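Geometric and topological summary
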Amino acid sequence: MKHVREQFIAAPIHVTGYVDGAFAAADGADIPVTDPATGKQVAILHESDADTVDRAVRAARRAITSGPWAGASVAARQKALIAVHDAILENADELAALETLNTGIPYSQTRNIHIPRAAHNFKFFAEFINQDGGEVFTQEPGYMSLVTYEPIGVTALIGPWNMPLGLTAMKMAGALAFGNSCVVKPSELTPLTLYRLFEIIDRKGIFPKGVVNLVNGNGAVTGNALSAHPDIDMVSFTGGTETGARILSALAKGIKGGAMELGGKSASIVFDDADFDRALDGALLGSFMNNGQMCLAGSRLFVHESFADRFLEAFTRRVKALKVGDPFDPATEIGPMINRAQMDRVIRYAESGLGEGATLLAGGRAHDGLKDGFFIEPTAMLATSNALSICQDEIFAPFATIQTFRDEDDVVARANDSRFGLVGYLWTQNLERALRVAAGIKTGTVLINTPIMRDLRTGFGGIRQSGIGREGAKGSRAMFTEMKSTIIALEAPKMPKLGAGA
Ligand code: TXE
């Protein structure tokens, strides 16, 4: 699959938008798209300007007010979703190669985890809408009340760069399953896989015109034009907390809502009764998978002091042994950071950690990797206090902090001492402790004795600055539908008759 790199460096592809069933002309500003492993340009992104965004939103509106998608049957929506699922799997090798080329995530992870999961989202929601229904209440004598869920309308789906296809596919699958149309905006850093998916969808003729639209470009231009557009009905966003706040203020002007899946700084607590090896393996995967660039990374470790020395020694040895290199190499465990700015930022965090009194256990520097790539050494630091910036800020990199603890209440308080609230990881073999601590952890998800597990039947999302809303079966329904209550009188209502005394 490495040949994909040579092919794209030799002939960078042109990425545009897809509006109303046709690829848009390459007319906006040119933005270079880079392979982070070599620093070389692999595509030219032609930015969608406000006019293109407006055409995309109008096409999406037409698609749900007239034409075959307006009121499309469950069977029709299922057929389209399964067709996307199949198309992703048929093209999995190429999509995984493009994802690796554009993000630097090891091919072993994009091919085996991310691309199959992107496909699975479409199958999951196709099955969910077959079972899903409204509710009927008959408790009030003389009345029947119905709760139905109607499509919310035109959805704007704005995605991040760390798992571009997988995370945005989840939004697309949910939005389309519940009968909406969408305008998708990938990150300007990583547009390749979604662009390729739209080419495949177009070639196969899966959706009627205007149901799925793609706009590409910077947040300040294309993203802003989309989230501030008066005719979108909601935004589902995954990305940084500051951007989420900006999008929410644009939505507030139209009294509209948004679902925000933002950053995290999740605590991973290893109690003295944990299975040592399982906790060690889990802590490593939870901090370093996907080059450490995961919103749900459990990279703020708390280790019980009774075996802290042994854990620190084993953890440090394994971090130093992580294989950094070409993400197309099957042996590679850590690829490059997404860009130079992110690489420099990680190194600055290691320096600030040292300045604040933390101890460097491993890494903290640039790594030779491939020439001109954005590689850093996987990093671990022993922190003296949870107040350090390396324990409070989302570094979004292969960077773990470790603190020790003695007391359960104290560690719960420190785990909750964060402006984020995405996930809490617990490692213990004591059931009572697991459930007691899980109840005390202030996050949207708690994972016990497992790293990075997602289950679409449950909801995933955060509290505090980690976001608003939950992605998953019923969470996505809440996000992508309007709940309507219809109340029917079954007999003449027993109510006062106004004006009946005349
Ligand atoms: O994301 P941005 P960035 C975190 C992580 C990372 C930080 C910043 O800590 O270091 O965020 O990353 C679009 N209106 N996460 O700056 O800017 C943008 O074009 C509308 C966590 O790259 O939030 C892109 O499509 N859209 C995370 C998307 O928002 C706008 C994933 C995300 O970009 C916009 C990624 C605007 N005004 C980063 N400005 C996670 N939760 O997994 C930007 N965008």
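Think of each chain on its own: its residues are numbered from 1, step by step along the sequence as written. Where local features are concerned, this predicted model is filtered to residues with pLDDT of at least 70; where side-chain atom pairs are given and counted, the filter is 80 or more; whole-chain, interface and lining totals use all residues. Just so you know, side-chain values use all the structure's heavy atoms and leave hydrogens and water out.

All right, on to the domain arrangement of the protein chain then. According to the domain assignment, the protein chain contains domain 1 (2-262 + 462-486) and domain 2 (267-448). Its C-alpha centre places domain 1 at a distance of 30 Å from the equivalent point of domain 2. We define buried area as the total accessible area lost by two parts upon association, computed with a 1.4 Å probe and summed across both. Of the roughly 2,700 Å² buried between domain 1 and domain 2, counting both surfaces, carbon and sulfur atoms make up 60%. Sorting the residues of domain 1 by area buried against domain 2 places Pro36, Trp161 and Arg464 first, and these three jointly supply 21% of that buried surface. For this document, the term salt bridge refers to a Lys or Arg side-chain nitrogen within 4 Å of an Asp or Glu carboxyl oxygen. Summed over the shared surface of domain 1 and domain 2, the number is one salt bridge. Note: domain ranges come from an automatic or database domain assignment.

A simple rule labels every residue: compare its accessible area, found with a 1.4 Å probe on the protein chains alone, to the largest value its type can have, and call it buried under 20%, exposed over 50%, or partly exposed in between. Helix numbering and strand numbering both begin at the N terminus, where a helix is a DSSP run of H or I of at least 4 residues and a strand a DSSP run of E of at least 2. The buried fraction of strand β17 (residues 399-405) is high, at six of seven residues. Note that strand β14 (residues 300-304) and β17 share five bridges and pair parallel. Directly across from Phe302, in β17, lies its bridge partner Gln403. Taken together, the four bridges between strand β16 (residues 379-382) and β17 define a ladder with parallel strand orientation. The residue of β17 that forms the bridge with Thr379 is Phe399. Between any two strands, pairing holds if DSSP finds at least two bridges.

Our next topic: the sheet that holds strand β7 (residues 143-151). Pairing in this open sheet of three strands is antiparallel, and the strands run β6-β7-β21 from one edge to the other. The sheet is open, and its two borders are formed by β6 (135-137) and β21 (481-489), each paired with just one other strand. If you compare each strand with its neighbour and ignore which way they point, the axes differ by 20° on average. As judged from the three bridges shared by β6 and β7, these two strands associate in the antiparallel manner. Residue Val136 lies in a different strand from β7, and its bridge partner there is Leu146. Only heavy atoms matter for contacts: two residues are in contact if any of them lie within 4.5 Å across the pair. Interaxial angles span 0 to 180 degrees and are taken between N-to-C directions of axes, which are lines fitted to C-alpha atoms, for helices over the stretch in contact. Its contacts with the sheet place helix α16 (residues 473-480) against β6, β7 and β21, and it is angled at close to 80° to β21.

Locating Thr193 in the fold gives a position in helix α7 (residues 192-204). Ignoring anything within four residues of it in the chain, the contact list for Thr193 reads Leu95, Leu98, Glu99, Pro164 and Leu165.

This part is about the pairing of β7. Taking the residues between adjacent antiparallel strands as the criterion, β6 and β7 are bridged by five residues, where Gly142 takes a positive phi near 85°. Relative to β21, β7 runs antiparallel, the two sharing nine bridges. By the bridge assignment, Thr148 is partnered in β21 with Lys484.

So, on to the packing of helix α4 (residues 92-103) against helix α5 (residues 107-131). Between α4 and α5, the least distance of the axes is 9 Å, while the angle of their chain directions is 125°. By the criterion of interaxial angle, the relationship of α4 to α5 is oblique. Between α4 and α5 lies a crossing whose hand is right-handed. On the side of α4, the interface is formed by Ala92, Asp93, Leu95, Ala96, Ala97, Glu99 and Thr100, while α5 contributes Tyr107, Thr110, Arg111 and Ile115. Amino acids outside the nonpolar list (Ala, Val, Leu, Ile, Met, Phe, Trp, Tyr, Cys, Pro) and the charged list (Asp, Glu, Lys, Arg) are all regarded as polar, and Gly is one of them. Residues of the contact of α4 with α5, tallied by class, amount to six nonpolar, two polar and three charged. When an angle is under 35 degrees it counts as roughly parallel; over 145 it counts as roughly antiparallel; between 65 and 115 it counts as roughly perpendicular; any other value is oblique. Crossings are classed by handedness, with left-handed meaning an anticlockwise turn of the near helix from the far one by less than a right angle and right-handed meaning a clockwise turn.

Per the counting criterion, the structure on display carries 27 salt bridges. Taking the shortest distance from any N to any O, the salt bridge between Arg5 and Asp326 comes out at 3.0 Å. Of this pair, Arg5 sits in helix α1 (residues 3-10) while Asp326 sits in the loop between α11 (308-321) and α12 (340-355), and the two are 321 residues apart along the sequence. Relative accessible area serves as the criterion here: at 5%, Arg5 is assigned to the buried category. A salt bridge links Asp393 to Arg419; its shortest N-O distance comes to 3.2 Å. Pair noted here: Asp393 is in the loop between α13 (389-392) and β17 and Arg419 is in the loop between α14 (408-416) and β18 (423-427), with a separation of 26 residues, a long-range link. We classify Asp393 as buried; its relative accessible area is 19%.

Looking now at helix α10 (residues 276-288). The length a helix should cover is 1.5 Å for every residue beyond the first. Relative to the 18 Å expected for 13 residues at 1.5 Å per residue, α10 spans 18 Å between its end C-alpha atoms, a close match to the ideal helical length. Turning to α10, its buried residues number three or more, namely Phe276, Ala279, Leu280, Gly282, Ala283, Leu284, Gly286, Ser287 and Phe288. The elements touched by buried residues of α10 are β13 (267-270), β14, α11, β16, β17 and β18. Pairing of N or O atoms within 3.5 Å defines a polar contact, subject to two protein rules: one partner must be a possible hydrogen donor and the other a possible acceptor, and residues neighboring in sequence count only if both atoms are side-chain atoms. Put simply, Asp275 is the residue that caps the front of α10, since its side-chain oxygen is 3.3 Å from the backbone nitrogen of Asp277. Residue Asn290 follows α10 closely and has a positive phi angle near 55°.

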